[in-house]
Amino acid sequence: MAEKIVPINDLRSQALAVPGAPDAPSGLLLDALGRPLHDLRISVTDRCNFRCVYCMPKEVFDKDYAYLPHSALLSFEEIARVARLFVAHGVEKLRLTGGEPLLRKDLERLVAMLRAIPTPSGRPLDLTLTTNGSLLARKARALKDAGLDRVTVSLDALDDAMFRRMNDVDFSVADVLHGIDAAHDAGLGPIKINMVVKGGTNDGEILPMARHFKGSPYILRFIEYMDVGASNGWNMAEVIPSAEVVRRIAAELPLVPVDPNYSGETAARWRYLDGGGEIGVISSVTQAFCRDCTRLRLSTEGKLYTCLFATRGHDLRALLREGRSDPEIAGAIAQLWKVRADRYSELRTVDTSGLATGARKVEMSYIGG
Ligand code: SAM
Ligand code: SF4
Ligand code: SF4
């Protein structure tokens, strides 16, 4: 049984310092370990209509759970304003996430605002979204029309009973598959399908998922179960290493490794020897990729997190709401990134993971995956 966690509003946060004479955004910002700022993940809601056992277990995220009030959320205008400053700092990829991002009303309006942001290079922004797929069939066309490039859809099993157990709200596989096809028809591709593998729960679904998506237009990716947050009762014994996932698939469907698309790609790529497409494995636990981590996360209420496993966010919303200028906010972002030295997954040990940490890690549903 997972322990009761503190409401998000009580999590530790830190003021974001505004430098006296901010630098103009130069398009290239390096952190303390030489990593450029390349991706921004924007969480648009901390709510979700699923209760995935590894993310928002029902016994914690119940009817008494204190979600953020609407007034705490960044407005679309606030998100677009900061996104513009990030893009001026060299960010080329924006991912909308949550909670379930498609629960945020009129999300396509935000997509259109983000699409309109000019880039210093003139190359179009990569604008994408991660979703559980439940509302995709209804929303895919409007999202595409607003300028969204593509979607990643989470699906943890093909067996309907197992999937219903994983999402814990009795949602069917068929409805997610329908959403994926609708997104494909709307042109939101290439679509990636994310499967979190929880050992002893859904690992029997690795092969059925591989067989199902082999030869399809969709790229299936297997994610190692991570010790995010403080509510999922994470245990190393439930992590199936990606090497084992590849071994199990390759025993039936031969695979060969493929070079990364770009340096810093989180998924290691493999392709089927017979030309049936490719899969990816994301080994956040067993083969950390912190040295290439170019991601910054903006929470639903406007806190910046320099790592998925951070215990404290930096309050960007305060700067927005106290009337700071664009150069001041851009300067604060630059200052934060320049001192970033996070590499949690490289340093993770049994002692630092899960519930053993002194400071409470932020929940995945709040910070966005
Ligand atoms: N609700 C959307 C969804 O499920 O796609 C977006 C938010 S969700 C937090 C983003 C991604 O994080 C999903 O692919 C989900 O499976 C993954 N995720 C959540 N908790 C995880 C955990 N403990 N370990 C690994 N991945 C996790
Ligand atoms: Fe919701 Fe996504 Fe978390 Fe599942 S993984 S509970 S769909 S936010
Ligand atoms: Fe990036 Fe932190 Fe994950 Fe390492 S642990 S890859 S620094 S988010």
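Check the entry above for the structure.
Residues numbered from 1 in each chain as written. Chains lettered and ligands numbered in written order. Predicted model: local features only at pLDDT ≥ 70, side-chain atom pairs only at ≥ 80, totals over all residues. Heavy atoms only, no water.

Participant: Looking at this structure, how should I read the overall build of the protein?
Facilitator: Along its length, the protein carries eleven helices and 13 strands. What you see for the protein is a C-alpha radius of gyration of 20 Å, in line with the 21 Å of a compact globule of 369 residues. Along the three orthogonal principal directions, the C-alpha set of the protein runs to about 60 × 45 × 40 Å. Each of the 369 residues in the protein was classed as buried or not, and the buried ones make up 54%. Within the protein, counting contacts between residues at least 6 apart in sequence, those at least 24 apart form 75% of the total. Counting every atom, the protein has about 15100 Å² of accessible surface; 53% of that belongs to carbon and sulfur. Between the averaged position of the 47 positive side-chain charges in the protein and that of its 47 negative side-chain charges there is a distance of 2 Å. (Helix = DSSP H or I, 4+ residues; strand = E, 2+ residues; numbered from the N terminus. Rg over C-alpha atoms; globule rule 2.2 N^0.38 Å. Buried < 20%, exposed > 50% of the residue type's maximum accessible area, 1.4 Å probe, protein only. Contact = heavy atoms within 4.5 Å. Areas by Shrake-Rupley, 256 points an atom, 1.4 Å probe, with all protein chains shown as cover. Lys, Arg positive; Asp, Glu negative; His and termini not counted. Charge placed at Lys NZ, Arg CZ, Asp CG, Glu CD.)

Participant: I tried to follow unusual backbone geometry on my own but got confused; where do I start?
Facilitator: Peptide bonds are trans in most cases, and residues, glycine excluded, mostly fall at negative phi. Omega for the peptide link from glycine 189 to proline 190 comes to 0°, which places this bond in the cis form. At aspartate 168, a residue that is not glycine, the phi angle is positive and equals roughly 60°. Locating aspartate 168 in the fold gives a position in the loop between α4 (160-167) and α5 (173-186).

Participant: Sorry, what's going on with the pairing of strand β9 (residues 268-272) here?
Facilitator: Regular strands have side chains that alternate between both faces of the sheet. Strand direction decides the pairing type here: strand β8 (residues 255-258) and β9, joined by four bridges, are antiparallel. Each bridged residue has a counterpart across the sheet, and for valine 256 the counterpart in β9 is arginine 271. When β9 meets strand β10 (residues 278-282), the two strands line up antiparallel, connected through four bridges. Residue pairing across strands places tryptophan 270 opposite isoleucine 279, the latter belonging to β10. Between β9 and β10, which pair antiparallel and follow one another directly, the connecting turn spans five residues, one of which, glycine 275, has a positive phi of 85°. (Pairing = 2+ DSSP bridges.)

Participant: Looking at this structure, I do not really get the packing of helix α1 (residues 76-88) against helix α2 (residues 107-115). What am I missing?
Facilitator: Geometry of a packed helix pair, given as the angle between the helix axes and the separation of the axes. Taken N-terminus to C-terminus, the directions of α1 and α2 make an angle of 25°; their axes are 10 Å apart at the nearest point. As summarised for this structure, α1 and α2 are arranged roughly parallel, according to the angle between their axes. Our pair here, α1 against α2, has a crossing hand that is right-handed. Packed against α1, whose contacting residues are Phe76, Glu77, Ile79, Ala80 and Ala83, the element α2 presents Leu107, Arg109, Leu110, Met113 and Leu114 at the interface. Here the contact of α1 with α2 is built from residues that sort into eight nonpolar, no polar and two charged. (Axes fitted to C-alpha atoms, helices over the stretch in contact; angles between N-to-C directions. Parallel < 35°, antiparallel > 145°, perpendicular 65-115°, else oblique. Left-handed = near helix turned anticlockwise from the far one by under 90°. Nonpolar A, V, L, I, M, F, W, Y, C, P; charged D, E, K, R; others polar.)

Participant: Help me out: how do you make sense of the environment of methionine 162 in this one?
Facilitator: Secondary-structure assignment places methionine 162 in helix α4. Residues methionine 162 and asparagine 132, spaced 30 residues apart in sequence, show a C-alpha to C-alpha distance of 15 Å. Methionine 162 has contacts with Ala157, Thr201, Asn202 and Glu205, leaving out every residue within four places of it along the chain.

Participant: What am I meant to see in the pattern of salt bridges here?
Facilitator: Pairs can form between side chains of opposite charge once their charged atoms are near each other. Summed over all chains, the structure comprises 24 salt bridges. A salt bridge links glutamate 252 to arginine 211, with the shortest nitrogen-to-oxygen separation between them at 2.8 Å. Residue glutamate 252 is found in helix α7 (residues 242-252), and its partner arginine 211 is found in helix α6 (residues 206-213); the two are separated by 41 residues along the sequence. You can call arginine 211 partly exposed: its relative accessible area is 43%. The salt bridge involving arginine 247 is made with glutamate 244; its shortest N-O contact spans 2.9 Å. Taken together, the positions of arginine 247 and glutamate 244, both in helix α7 and three residues apart, correspond to about one turn of that helix. (Salt bridge = Lys/Arg side-chain N within 4 Å of Asp/Glu carboxyl O.)

Participant: Help me out: how do you make sense of the pairing of strand β5 (residues 150-154) in this one?
Facilitator: The element β5 is largely enclosed, with a buried count of four among its five residues. Pairing analysis gives four bridges linking strand β4 (residues 126-131) to β5, with the strands arranged parallel. Bridged to threonine 128 within β5 is arginine 150. Between β4 and its parallel partner β5, the chain crosses via helix α3 (residues 136-146), and the hand of that crossover is right-handed. As defined by bridge partners, β5 adjoins strand β6 (residues 192-197) across three bridges and the pair is classed as parallel. Along β6, the bridge assignment pairs threonine 152 with lysine 192. (Right-handed = clockwise from strand over helix to strand, strands pointing away.)

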